[in-house]
Amino acid sequence: MILWKRAAQLGFLSWLIPFVVSFLMFPVKQRNAPLFGNLIGLVVILTAAVLLHRYFQNRPVSVKEAVLVGAAWFAMNLMFDYPMFAYGPMKMTAWSYYSEIGLGYLALPAFAFGAARLARL
């Protein structure tokens, strides 16, 4: 059973934490875009690890539930990014957004699947 309120609250954090870190690290992007991309990818994975641990705290881990929560977080990240990257100060084409940022959020359900499988061993 998915705890929707907890999933939504942690899903917001799954977007906010990497966003704040990327904002703080923006000068790195201007000097070395590949390094910036790799660092933000690590931030997304580490954030997912901490938040999934928090989500499943004191409850049994279910692979199905973990993947559904990861997929919900993926959708939430895209939804929260949309206003800023489609219309806001960082306006990008859809192709640029998905190739540079959006597809990276697929790490959330992918990591959730792998972590839940390992936790069930």
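Everything here concerns the structure above.
Residues numbered from 1 in each chain as written. Predicted model: local features only at pLDDT ≥ 70, side-chain atom pairs only at ≥ 80, totals over all residues. Heavy atoms only, no water.

Enquirer: Tell me what's going on with the overall build of the chain, and back it up with residues and numbers.
Expert: Per the secondary structure count, the chain includes 6 helices and 0 strands. Reading the secondary structure of the chain in the N-to-C direction produces α-α-α-α-α-α. At 15 Å, the chain has a C-alpha radius of gyration in line with the 14 Å of a compact globule built from 121 residues. Seen through its C-alpha atoms, the chain measures out along the principal axes to roughly 45 × 25 × 20 Å. Taking all 121 residues of the chain together, 34% fall into the buried category. Counting contacts in the chain only where the partners sit at least 6 residues apart, residues at least 24 apart contribute 71% of the total. With the model as given, the accessible surface of the chain reaches about 7,600 Å², and the carbon-plus-sulfur share is 71%. (Helix = DSSP H or I, 4+ residues; strand = E, 2+ residues; numbered from the N terminus. Rg over C-alpha atoms; globule rule 2.2 N^0.38 Å. Buried < 20%, exposed > 50% of the residue type's maximum accessible area, 1.4 Å probe, protein only. Contact = heavy atoms within 4.5 Å. Areas by Shrake-Rupley, 256 points an atom, 1.4 Å probe, with all protein chains shown as cover.)

Enquirer: Tell me about unusual backbone geometry, and name the residues and values.
Expert: Its identity as a non-glycine residue notwithstanding, Asn58 has a phi of 65°, on the positive side. Its location among the elements puts Asn58 in the loop between α3 (33-55) and α4 (63-87). With relative accessibility at 80%, the residue Asn58 sits in the exposed group.

Enquirer: Go over a nonpolar patch on the surface with me, naming the residues and quoting the values.
Expert: Together, Leu35, Leu39, Leu42 and Leu46 make up a nonpolar patch on the protein surface, roughly 360 Å² of accessible area in all. According to the relative accessible area criterion, Leu42 is exposed, its value standing at 52%. (Patch = residues over 30% accessible without salt bridge, like charges linked within 9 Å, V, L, I, M, F, W, Y side chains within 5 Å. Salt bridge = Lys/Arg side-chain N within 4 Å of Asp/Glu carboxyl O.)

Enquirer: Go over the packing of aromatic side chains, please, and point to the residues and values.
Expert: Applying the stated criterion across every chain, the model contains 8 aromatic pairs. Taken together, a centroid distance of 5.9 Å and an interplanar angle of 40° make the contact between Phe12 and Trp15 tilted. Taken together, the residues span about one helical turn, with Phe12 and Trp15 both in helix α1 (residues 4-24) at a distance of 3 residues. With a centroid separation of 5.4 Å and an interplanar angle of 40°, the aromatic rings of Phe85 and Tyr97 are classed as tilted. Here Phe85 is found in helix α4, whereas its partner Tyr97 is found in helix α5 (residues 94-100), with 12 residues between them in sequence. When its relative accessible area of 7% is taken as the criterion, Tyr97 is described as buried. Taken together, the ring pairs connect Phe12, Trp15, Phe19 and Phe80 into an aromatic cluster. (Phe/Tyr/Trp six-rings, centres within 6.5 Å; stacked < 30°, edge-to-face > 60°.)

Enquirer: Account for the environment of Gly88, with residues named and values stated.
Expert: Turning to its location among the elements, Gly88 is positioned in the loop between α4 and α5. For Gly88, a relative accessible area of 24% gives the class partly exposed.

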